[in-house]
Number of protein chains: 2
Amino acid sequence: MTAMSFANSPAATFERSDSFVSYASPAIVSPDVFERTGRAAATRGEIAVELELRHSGRRNLILRYETQGDRNLPALFVAGGISAHRHLAPSREFGEQGWWQSQVGHGRSLDPSQHYLISFDWIGADGTLDVALDPADQADAIAALLDALRIERLQAFIGYSYGAMVGLQFASRHASRLGELVSISGTHRAHPYAAAWRALQRRAVALGALQCDESQGLALARELAVLSYRTPEEFAERFGNAEVRDGRVRVAAEDYLDHCGNKYVARTPTTAFLRLSESIDLQQIDPSTIRVPVTVVAVSEDRLIPLSESYDLIERLRGETRLRVLRSIYGHDACLKEESDINTILREALADCTQVAA
Amino acid sequence: MTAMSFANSPAATFERSDSFVSYASPAIVSPDVFERTGRAAATRGEIAVELELRHSGRRNLILRYETQGDRNLPALFVAGGISAHRHLAPSREFGEQGWWQSQVGHGRSLDPSQHYLISFDWIGADGTLDVALDPADQADAIAALLDALRIERLQAFIGYSYGAMVGLQFASRHASRLGELVSISGTHRAHPYAAAWRALQRRAVALGALQCDESQGLALARELAVLSYRTPEEFAERFGNAEVRDGRVRVAAEDYLDHCGNKYVARTPTTAFLRLSESIDLQQIDPSTIRVPVTVVAVSEDRLIPLSESYDLIERLRGETRLRVLRSIYGHDACLKEESDINTILREALADCTQVAA
């Protein structure tokens, strides 16, 4: 678990983004440019690495990252769910909406004027890597990215959902590079029930593929996933009764679910969904191999991660631990919706971390 | 709500079963035969009725029923989920396995030597009725069946899942014919979250139908339904970790789910699944219209019916009520799996009912 599989691979190389036409980026700044220009509010870059993947051997990969803040500030790695990506929040350089702008930005809990924020696109997210991907592979890819960025150590790894799973892997495999882990709605092992739910989402994709129309299968898969991310409590507040329309029954949440499915299909390669969904199910890590301080944030209504799993995780970790249990009608999505609670938790965790470092 | 829509329809007629070739029955006994022969342990029959359906107007329907026990004993109507049917348990006449043989049989809680047990196949279950079906329609069909069988009054209606929803409708619409209702894992309104879950099951069927192979879509729908009937607690006890097989991830529950899907497809017309699944979502009844005694049996782990729904139901009922809350890792399926608890509950309910009658 401690050997870094990429340690003996050729040195990571920086490449210009325009050689990777499959990824649309408004602007790319390679790290050397960024070093020349001094402080940059946000940068993007891509690096090529060779990595030993756990289930499919040695592969050449492109890692697409984004940073915000001055690189001399304490570094934070920030990672979200399988549909998250490197763009956390709008910046002067990259103005589009990010997936976590409620927490990331000047004056927010993850503040680029206080920290050097690093994020990347999951390996497999561009849909070109059609192999089984382990969360440990993602952790090793992050270590390789830090090598390339010449970042020796992270003050903290902030992971949510799949990002928390990868954070646990990183804490176990690359402990010397990490001050603290904040693991939000993540776990050390995929729960068999949640895994079954995801397997059926992948069946929906396979069913769609049989008729040469992957988009409908992928949309259905996403709709099933959304159901698992949310809760009966929220749906009860939000949706009313079913209706008979043209002789068919239509339930109140169908318009919302359709919207979620269609939006997802427009931005997600089917292979990316399949391989990253599978990757969640491969999560297996012994918490006793983790000795860095960990803040475990659990949500009692989470339908993918029963609270008992978070208790088990916290009991088996070997370093300092802190448990925060939220109640939220948003279930697994609470991290994105309960802005105030998450803000407080992140500020506390980073403040403690800074005190330890001081 | 109190008007019986079939009251002015032509008198129900008895017909011989062999005119309905779509339903495989080892033997059919029409009620008049059964009356001639005196006490019969079990009978089957079919009657034709004309019924005003709530969403699609007047229809000619065939009601296929089964009875066990002497018709002079107190009558019980017994109804299960949408995939349940008239055959509750093996009898001398009909030896095949039934869907509720843990409770039905000599010496069991629903004992044909103590009660005249009546059950039927849901309207729509044979797949020939492709219209929106309301749970209220099923209740009216049961009333029409009781007319045909010349049963004025039921000592109790024992309903589980969809059967409990129909039982609540029967208690509201045909109160004078009912002594007591036992409503197990049922509710007065479809929960919007559970409804969404079912709507996505129907989407899976639609996706399969696009390639003229309904069976795969129906199998996936059933697998999704099974997931909703069971719980993370059970899956955690029963299933282990995912594996990579031939480069693909296979989760531990997939063999079990495949088995459930294939078994269901072999015995279920697609139209029957779609229309009965929809029917659950049409459940809407004001509990204050119910004044007969009701025993509400809820399961705290049920993922389709939150406990708060059962509390709401019991608070709003107007007659005598009794609440029984079970804890069970089988969730919505507890009624079929927690044999001892359900046995006790049914015996208590029927004993009270008999005391009231005495």
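Residues numbered from 1 in each chain as written. Chains lettered and ligands numbered in written order. Predicted model: local features only at pLDDT ≥ 70, side-chain atom pairs only at ≥ 80, totals over all residues. Heavy atoms only, no water.

- Going by the annotation in an unreviewed UniProt entry, the name recorded for chain A is Alpha/beta hydrolase fold family protein, with Lysobacter antibioticus given as the source organism.

### Considering the overall build of chain A
Then, number 1: In terms of regular secondary structure, chain A is built from eleven helices and eleven strands.
Then, number 2: The 358 residues of chain A split such that 60% are buried.
Then, number 3: Taking contacts inside chain A between residues at least 6 apart in sequence as the whole, the part at least 24 apart equals 74%.
Then, number 4: Total accessible area on chain A stands at roughly 13500 Å², and carbon and sulfur atoms take up 47% of it. (Helix = DSSP H or I, 4+ residues; strand = E, 2+ residues; numbered from the N terminus. Buried < 20%, exposed > 50% of the residue type's maximum accessible area, 1.4 Å probe, protein only. Contact = heavy atoms within 4.5 Å. Areas by Shrake-Rupley, 256 points an atom, 1.4 Å probe, with all protein chains shown as cover.)

### A few points about the interface of chain B and chain A
Then, number 1: With 52 residues of chain B at the contact, the number on the chain A side is 52 residues.
Then, number 2: Buried surface at the junction of chain B and chain A, summed over both partners, amounts to about 4400 Å²; 64% is from carbon and sulfur atoms.
Then, number 3: Inspection of the chain B/chain A interface yields 17 residue pairs in polar contact (both at pLDDT 80 or more).
Then, number 4: Secondary structure elements with two or more residues in the side of chain B that touches chain A: α4 (192-209), α5 (214-229), α6 (232-238), β9 (248-250), α7 (254-267) and α8 (270-281) of chain B.
Then, number 5: The element contributing the most residues to the side of chain B that touches chain A is α4(B), with twelve residues. (Buried area = accessible area lost by both parts, 1.4 Å probe. Polar contact = N/O pair within 3.5 Å; in protein donor to acceptor, adjacent residues only side chain to side chain.)

### Considering the packing of helix α5 (residues 214-229) of chain A against α4(B)
Then, number 1: The contact between α5(A) and α4(B) brings their axes to 11 Å, and the two run at 165 degrees. When the interaxial angle is binned, α5(A) and α4(B) end up roughly antiparallel. Considering how the two elements wind past one another, α5(A) and α4(B) form a crossing that is left-handed. Contacts between α5(A) and α4(B) involve Gln216(A), Gly217(A), Leu220(A), Glu223(A), Leu224(A), Leu227(A) and Ser228(A) from the first element and Tyr193(B), Ala196(B), Trp197(B), Leu200(B), Arg203(B), Ala204(B) and Leu207(B) from the second.
Then, number 2: Class assignment for the residues of the contact of α5(A) with α4(B) results in nine nonpolar, three polar and two charged. (Axes fitted to C-alpha atoms, helices over the stretch in contact; angles between N-to-C directions. Parallel < 35°, antiparallel > 145°, perpendicular 65-115°, else oblique. Left-handed = near helix turned anticlockwise from the far one by under 90°. Nonpolar A, V, L, I, M, F, W, Y, C, P; charged D, E, K, R; others polar.)

### Details of the environment of Leu146(A)
Residue and element names in this part refer to chain A.
Then, number 1: Tracing the backbone through its elements, the reader meets Leu146 in helix α2 (residues 135-148).
Then, number 2: Along the primary structure Leu146 and Ala75 are separated by 71 residues, whereas in three dimensions their C-alpha atoms are 10.0 Å apart.
Then, number 3: Contacts of Leu146, omitting those with residues within four sequence positions, involve Ile118, Ile151, Leu154, Phe170 and Arg177.

### A short note on the side chain of Ser288(B)
Residue and element names in this part refer to chain B.
Then, number 1: Note on placement: Ser288 falls in the loop between α8 and β10 (294-299).
Then, number 2: The exposure class of Ser288 is buried, given its relative accessible area of 18%.
Then, number 3: For Ser288, the side chain forms a polar contact with the side chain of Asp286, separated by 2.8 Å.
Then, number 4: Those residues in contact with Ser288 that sit more than four places away from it in its chain are Arg316 and Arg318.

### A word on unusual backbone geometry
All names here are of chain A.
Then, number 1: Even without glycine at this site, Arg150 takes up a positive phi of about 55 degrees.
Then, number 2: You can see Arg150 is positioned in the loop between α2 and β6 (156-160).
Then, number 3: On the basis of relative accessibility, which here comes to 52%, the residue Arg150 falls in the exposed class.
Then, number 4: With a phi angle near 60 degrees, Ser161 is a residue other than glycine that sits in the positive phi range.
Then, number 5: Exposure remark for Ser161: the relative accessible area of 13% places this residue in the buried category.

### Points about the relation of the copies chain B and chain A
Then, number 1: You can overlay chain B on chain A at an RMSD of 0.1 Å; the transform is a turn of 180 degrees with a shift of 0.0 Å along its axis. The relationship between the two copies is best expressed as a two-fold rotation axis. Identified as the residue of chain B closest to the rotation axis by C-alpha distance is Gln211(B), at 3.1 Å.
Then, number 2: The fraction of interface residues of chain B whose copies in chain A are also interface residues reaches 100%, indicating that both copies meet through the same surface. (Least-squares fit on C-alpha atoms with pLDDT ≥ 70 in both.)

### A word on the environment of Thr268(B)
Residue and element names in this part refer to chain B.
Then, number 1: Here Thr268 is to be found in the loop between α7 and α8.
Then, number 2: Taking the C-alpha atoms as reference points, Thr268 and Ser83, 185 residues apart in sequence, are found 8.0 Å from one another.
Then, number 3: When sequence neighbours within four positions are dropped, the list of residues in contact with Thr268 reads Leu218 and Phe273.
Then, number 4: Within the structure, the side chain of Thr268 is placed 2.8 Å from the backbone oxygen of Tyr264, a separation counted as a polar contact.

### Here's the deal with the UniProt feature "active site" (unreviewed entry) in chain A
Residue and element names in this part refer to chain A.
Then, number 1: Taken from the UniProt record, the annotation "active site" (unreviewed entry) applies to Ser161, Asp302 and His332. A stretch of 172 residues holds the annotated residues, and the largest C-alpha distance among them is 10.9 Å, short enough that they meet in one place.
Then, number 2: By the secondary structure assignment, Ser161 is in the loop between β6 and α3 (162-173).
Then, number 3: Structurally, Asp302 can be placed in the loop between β10 (294-299) and α9 (307-316).
Then, number 4: Within polar-contact distance, the side chain of Asp302 engages the backbone nitrogen of Leu304 at 2.8 Å. (UniProt positions renumbered as here; feature names shortened; annotations may be inferred.)

### Side note on the packing of aromatic side chains
Then, number 1: Here the structure, examined in full by the defined rule, presents 25 aromatic pairs over all chains.
Then, number 2: Ring centres of Tyr193(A) and Trp197(A) lie 6.1 Å apart, and the angle between their planes is 85 degrees; on these two criteria the pair is classed as edge-to-face. Note that Tyr193(A) and Trp197(A) are positioned in helix α4 (residues 192-210) at a spacing of four residues, about one turn of the helix. For the pair formed by Tyr193(A) and Trp197(A), the shared burial category is buried.
Then, number 3: One aromatic cluster is present, built from ring pairs that chain together Tyr193(A), Trp197(A), Phe235(A), Phe239(A), Tyr256(A), Tyr193(B), Trp197(B), Phe235(B), Phe239(B) and Tyr256(B).
Then, number 4: The residue whose ring lies beneath Arg44(A) is Phe94(A), and the NZ or CZ to ring-centre distance is 4.1 Å.
Then, number 5: Over the face of the ring belonging to Tyr330(A) we find Lys337(A), whose NZ or CZ atom lies 4.9 Å from the ring centre. (Phe/Tyr/Trp six-rings, centres within 6.5 Å; stacked < 30°, edge-to-face > 60°. Lys NZ or Arg CZ within 6 Å of the ring centre and 35° of its normal.)

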